[in-house]
Amino acid sequence: MEIVVASAVGVLTAGGVYLLLRLRTFPVILGLALLSYAVNVFIFASGRLAIDQSPILSKYGEASYTDPLPQALVLTAIVISFGMTAVLVMIGLASYLEADTDRVDLDAAAEGEDA
Amino acid sequence: MSAGGHFLFLIALLPFVGALLPGLMIRAGRTVCAWTAAVPTALALVMLLILAPAVLRGEVITAEIDWLPQLGLSASFFLDGLGLLFACMITGVGLLITLYARFYLSGDDPMGQFYTYLLLFQGAMLGIVISDNILLLLIFWELTSLSSFLLIGYWKHLPEGRQGARMALTVTGAGGLAMIGGMLILGNIAGSYNLTDILQAGEAIRASEMYLPALILILLGAFTKSAQFPFHFWLPHAMAAPTPVSAYLHSATMVKAGVFLMARMWPVLAGTDAWFYIVTTTGLVTMVLGALIALFKDDLKALLAFSTVSHLGLLTMLLGFGTQAAAVAAVFHIINHLTFKAALFMTAGIVDHETHTRDIKRLGGLRHLMPVTFGIGTIAALSMAGIPLLNGFLSKEMMLEEASHTDWFGSHYAVPVMATIGALLSVAYSLRFVSHVFLGPVRDDYPHKPHDPPFGMWAAPALLATLVVVIGVAPFLAEGIVTAAANAVTGADLHPHLKIWHGVTPALYMSVIAVLGGAVLLSLHRPLDAAWIKAPRPEAKAIFDRLIAGAVALSRSATEGAHNGAISRYLAIFTVASVTLGYIAYRGSGLSETTRELLVVPPVIAVGWVMLIVATVAVVTMHHNRFRALVLIGIIGLSISAGFVYLSAPDLALTQISVETVTIMLLLLALHFLPKETPKESPIGLKLRDGAIALAAGAGVGGLAWAFLRRDIETISGYHIENSYEGGGGTNVVNVILVDFRGYDTYGEIIVLGIAGFLIYALMHALLDGPAARRLKTMDYAQDRSRDRHPLMMVVVTRVLMPIAIVVGAYIFLRGHNQPGGGFVAGLVVAIALLMQYMASGFAWTQERKRIEYHTMIGLGVVIAGLTGAGAWLAGQPFLTSAYTYVHLPPIEEFELATAMLFDLGVFLTVLGAVMLMLYSLSRIARFAGETVNEGPMDYDPGAHVATNTAANTVTDPATEGR
């Protein structure tokens with residue numbers, strides 16, 4: 001199971017970084033979304049993996065639980081990363097509508113439309 | 001703390017407090033302004049004089065307040081003989097300068113500013129000399145650089161003033177940085193940042209292998225401040241300052257700070273070969289070179305500036321000798337140089353003020369026109385030349401005496417000969433100052449008809465000239481302070497005797513040679529001057545300017561190389577740097593043994609994994625089709641949610657799946673306005689480079705996860721699990737952490753989310769007010785417009801779903817404390833339910849039926865959460881402490897009421913409001929873009945259609961619909 005999670009984190013990171021380095025705003029936003037997944041899963045996994053040990057206290061005596069703290073951190077992180085993505089989308093949209101191009105580098109945008 | 005200690009604090013504070021006043025009091029007139037500047041200085045001087053008897057007896061007065069004990073930084077001050085000497089000089093000359101400047105500055109100069117700067121500088125200087133903590137000393141040290149920058153550039157309209165100020169700041173500031181390094185090393189070796197402790201640790205410091213780096217760094221600071229070769233060039237350029245500034249900073253105080261520091265550190269650093277050769281040689285070279293240049297300067301202030309450089313070299317050399325007698329001579333010369341040099345600067349200022357020129361070649365014959373100034377100038381200049389019965393003679397004699405028995409690299413003659421040459425040149429330029437300015441025939445071409453200034457202007461230099469004579473005739477008067485200061489420098493118990501006549505010694509011969517040789521040299525000045533002007537010599541300012549230009553070009557190319565305006569480049573640099581650092585850390589320590597058993601991978605999970613990997617690869621390779629990429633992103637998010645379910649994180653799964661939904665909606669809305677395709681424009685090289693970076697980053701992060709997943713850690717979660725029910729009243733530990741244990745964090749996070757919502761709203765408004773609005777209006781949506789924008793089926797289904805979704809949201813919210821769910825998820829679920837209405841029936845229809853503004857909702861949420869937290873105060877508990885109880889209402893099961901639930905309600909409202917505000921803002925753009933809007937639930941009324949049997953196409957024409 002561990003290799004599944006680790007490889008997923010790695011692949012998501014690689015995909016996210018690659019898209020972040022693209023030249024247009026939309027792929028950059030996609031890349032950020034992928035990177036957010038990767039980071040969230042990474043932090044979640046730092047509590048180590050456990051199956052059938054939800055951090056819901058059992059009424060029936062002793063039970064073992066997975067680490068709830070990373071889950072609490074990630075829960076807010078998911079919501080905040082949505083907010084961040086939304087702000088970025090709005091900025092990307094605004095820059096496209098104002099500058100008439102969705103390139104992320106200033107110099108090329110100054111040269112005019114080439115899209 | 002003793003009474004004296006309180007005085008010390010006041011002395012340190014007074015100038016800074018006083019600096020606030022002149023700027024205000026200038027409105028009451030120039031004289032009042034000068035008085036307000038003089039009062040704090042005079043008070044500080046009086047307190048120093050009250051403390052003086054004790055210090056002269058050998059006591060050390062201390063005062064200490066802990067400031068940042070973690071950093072070893074305390075506001076601690078002490079006053080010993082050396083500190084007293086300097087503090088008296090700073091405040092005493094400060095008073096004289098205040099008086100002098102009152103008459104020197106013209107009506108156009110902003111006098112309030114001047115006195116404010118002056119007091120700031122004075123405070124910084126006083127801080128240096130009475131600090132007991134070297135970190136504090138460094139702060140004051142930098143403050144002198146900054147305040148002197150303001151003073152040198154006081155005449156902002158003069159380019160020389162601005163350039164001189166920048167040069168002084170650059171050189172002394174750079175030296176100050178070096179000194180910080182050196183001081184930190186010293187503090188490290190001594191184990192304390194208190195000067196008193198460091199002074200005790202001299203042995204250990206000199207034996208340490210870090211001694212040489214520390215010494216060089218500290219000397220860099222001292223040499224730059226005290227204008228020692230090769231850093232001497234800034235001082236003459238700083239002469240663009242008004243003369244009171246030159247007299248104060250560049251003769252009496254700031255340039256002496258370097259000398260002070262060397263004297264202060266003398267017991268710790270002196271006595272080694274490295275100290276002797278570096279300090280003595282630098283001092284000797286500076287002394288001779290400064291004197292030589294001074295002889296050929298035509299600007300009165302430049303002459304005095306280089307003479308100051310020369311005398312500072314002399315002091316440096318004396319401290320470099322490392323003997324106790326030389327230290328006594330240095331201390332004594334500090335006093336003497338102060339008296340005659342400040343007087344000379346003020347004299348030069350008077351001459352400039354009266355004749356409107358400082359060019360020696362245009363002066364001469366002033367003795368009849370300005371007899372008082374002539375008298376003062378002559379006494380001071382002769383003292384500088386070292387003529388008997390004036391104080392300059394005494395300390396110069398002591399200097400020559402010390403020089404005469406100093407060997408330098410085995411040579412017995414090098415130092416004495418050079419010292420004599422320095423003295424000889426000094427005699428020559430001093431005599432030139434007198435003869436070329438005051439003697440000779442009266443000229444008729446002065447730029448302005450000179451006469452003696454008012455008493456207020458010559459009072460200060462006259463007082464100093466009197467001191468020159470008094471100390472020169474009766475040196476024993478200065479014995480007390482010299483002894484106290486010299487003992488503080490050397491840490492020994494000395495009883496020096498200052499005498500006029502030492503008998504026929506080598507020093508006397510050297511002195512005679514210097515005076516006679518100087519007179520001869522002056523008589524040859526005209527031909528020598530012609531030769532000097534012809535001779536090529538390096539121009540310090542040009543070299544400095546080239547260095548600065550080079551540094552600017554270098555940093556500009558580095559900045560522009562890294563910062564070319566493309567975010568992809570910064571991100572690439574950032575990623576590569578992070579991965580490299582991580583790799584270095586991995587190489588450094590390696591990994592421990594693995595401790596965890598691996599979990600098995602069930603087939604379903606394997607399938608999910610394959611889906612995720614394929615979808616990710618597909619997003620990357622097919623991201624040019626933006627719509628398809630969005631669909632693929634959705635697959636990834638769902639796979640991750642499923643993973644959370646399997647891995648015991650039901651709350652995360654719920655959150656992820658609902659966030660996924662709103663994110664996709666958001667991106668879809670945005671995509672409506674953006675190009676639908678990403679052009680394929682990256683060259684293959686760039687793709688390969690980015691691919692390599694991405695793979696490295698992925699391998700790094702994945703490897704890190706793989707490494708920690710197989711090893712156990714200590715976790716603090718045990719506490720949370722144990723106390724979740726007892727303390728927080730809930731069985732869902734994740735939710736209890738969010739609303740209780742870490743409630744403050746959550747509170748901050750919902751505020752951030754709310755701000756993000758407002759930010760988007762504000763951006764939307766800015767956008768619609770700007771040039772983008774026009775572009776939006778002319779946008780062409782024809783290709784992707786649906787024929788039936790609000791289909792009947794969807795309208796009906798969403799209406800039915802709405803109450804169900806709201807009930808689900810309420811259910812998720814209510815069970816959150818004990819079962820998976822809570823405010824975050826509930827807010828998202830309800831948001832989705834509302835969004836469905838927007839999608840089904842359009843913006844305007846939904847907007848009209850909205851009962852509460854989303855802004856209000858965000859605000860309410862934050863306020864409710866905050867008030868809930870504050871409510872704990874009423875019960876005398878800390879912020880956000882929760883209380884709970886169980887209630888039993890007959891028809892329903894027993895259920896729980898907790899304040900945490902109220903807090904969660906705040907979370908719910910904020911999340912709902914923020915999400916809705918974001919999506920609402922985006923859809924508003926659509927409405928603005930000239931898109932047609934329907935007021936009915938659907939684009940056409942199916943009932944009406946059947947009844948009238950009209951052709952559908954006439955009704956569905958959107959243009960006829962009302963707005």
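Bear in mind the structure is a predicted one, so any value in this text is a computation, not a measurement.

1. A look at the domain arrangement of chain B
Reasoning step 1: Examined at the domain level, chain B breaks down into domain 1 (273-545) and domain 2 (732-963).
Reasoning step 2: Centre-to-centre separation of domain 1 of chain B and domain 2 of chain B, based on C-alpha positions: 83 Å.

2. Describing the confidence of the model for chain B
Reasoning step 1: Mean pLDDT for chain B: 86, with 95% of residues reaching 70 or above.
Reasoning step 2: Note that pLDDT drops below 50 for residues 949-963 of chain B; the model gives that stretch 16 contacts with residues more than four away or on any other chain.

3. Digging into the environment of alanine 462 of chain B
Reasoning step 1: Note on placement: alanine 462 of chain B falls in helix H22 (residues 455-473).
Reasoning step 2: Residues alanine 462 of chain B and threonine 378 of chain B, spaced 84 residues apart in sequence, show a C-alpha to C-alpha distance of 11 Å.

4. Quick notes on unusual backbone geometry
Reasoning step 1: Residue proline 230 of chain B is bonded to the preceding phenylalanine 229 of chain B through a cis peptide linkage, with omega at 0 degrees.
Reasoning step 2: Within the secondary structure, proline 230 of chain B sits in the loop between helix H10 (211-225) and helix H11 (234-237).
Reasoning step 3: Although it is not a glycine, aspartate 100 of chain A sits at a positive phi angle of roughly 70 degrees.
Reasoning step 4: Relative accessible area serves as the criterion here: at 24%, aspartate 100 of chain A is assigned to the partly exposed category.
Reasoning step 5: Phi angles above zero are rare outside glycine, and alanine 227 of chain B is one such case at about 55 degrees.
Reasoning step 6: Among the structural elements, alanine 227 of chain B can be located in the loop between H10 and H11.
Reasoning step 7: Residue classification places alanine 227 of chain B among the buried residues on the basis of a relative accessible area of 0%.

5. Points about the interface of chain B and chain A
Reasoning step 1: Listed per partner, the contact involves 110 residues of chain B and 78 residues of chain A.
Reasoning step 2: Roughly 8,700 Å² is buried in total at the junction of chain B and chain A, and carbon and sulfur atoms are behind 78% of that figure.
Reasoning step 3: Across the contact surface, chain B and chain A share four salt bridges.
Reasoning step 4: Aspartate 690 of chain B serves as the salt-bridge partner of arginine 22 of chain A, at 2.2 Å between the closest nitrogen and oxygen.
Reasoning step 5: There are 22 residue pairs in polar contact (both at pLDDT 80 or more) connecting chain B and chain A.
Reasoning step 6: The element that contributes the greatest number of residues to the side of chain B that touches chain A is helix H31 (residues 684-709) of chain B, accounting for 16 residues.
Reasoning step 7: For the side of chain B that touches chain A, the class distribution of residues is 72 nonpolar, 26 polar and twelve charged.

6. Comments concerning the pattern of salt bridges
Between side chains of opposite charge, a pair can form as their charged atoms come close.
Reasoning step 1: For the structure shown, the criterion picks out 19 salt bridges over all chains.
Reasoning step 2: Put simply, lysine 850 of chain B and glutamate 853 of chain B hold a salt bridge, and the shortest N to O gap is 3.5 Å.
Reasoning step 3: Of the residues examined, lysine 850 of chain B reaches a relative accessible area of 16% and is grouped as buried.
Reasoning step 4: Salt bridges sharing partners connect three or more residues here, namely Arg24, Asp102 and Arg103 of chain A together with Arg626 and Glu681 of chain B.

Conventions and cut-offs
Residues numbered from 1 in each chain as written. Chains lettered and ligands numbered in written order. Predicted model: local features only at pLDDT ≥ 70, side-chain atom pairs only at ≥ 80, totals over all residues. Heavy atoms only, no water. Domains from an automatic or database assignment. pLDDT = per-residue confidence, 0-100. Contact = heavy atoms within 4.5 Å. Helix = DSSP H or I, 4+ residues; strand = E, 2+ residues; numbered from the N terminus. Buried < 20%, exposed > 50% of the residue type's maximum accessible area, 1.4 Å probe, protein only. Buried area = accessible area lost by both parts, 1.4 Å probe. Salt bridge = Lys/Arg side-chain N within 4 Å of Asp/Glu carboxyl O. Polar contact = N/O pair within 3.5 Å; in protein donor to acceptor, adjacent residues only side chain to side chain. Nonpolar A, V, L, I, M, F, W, Y, C, P; charged D, E, K, R; others polar.

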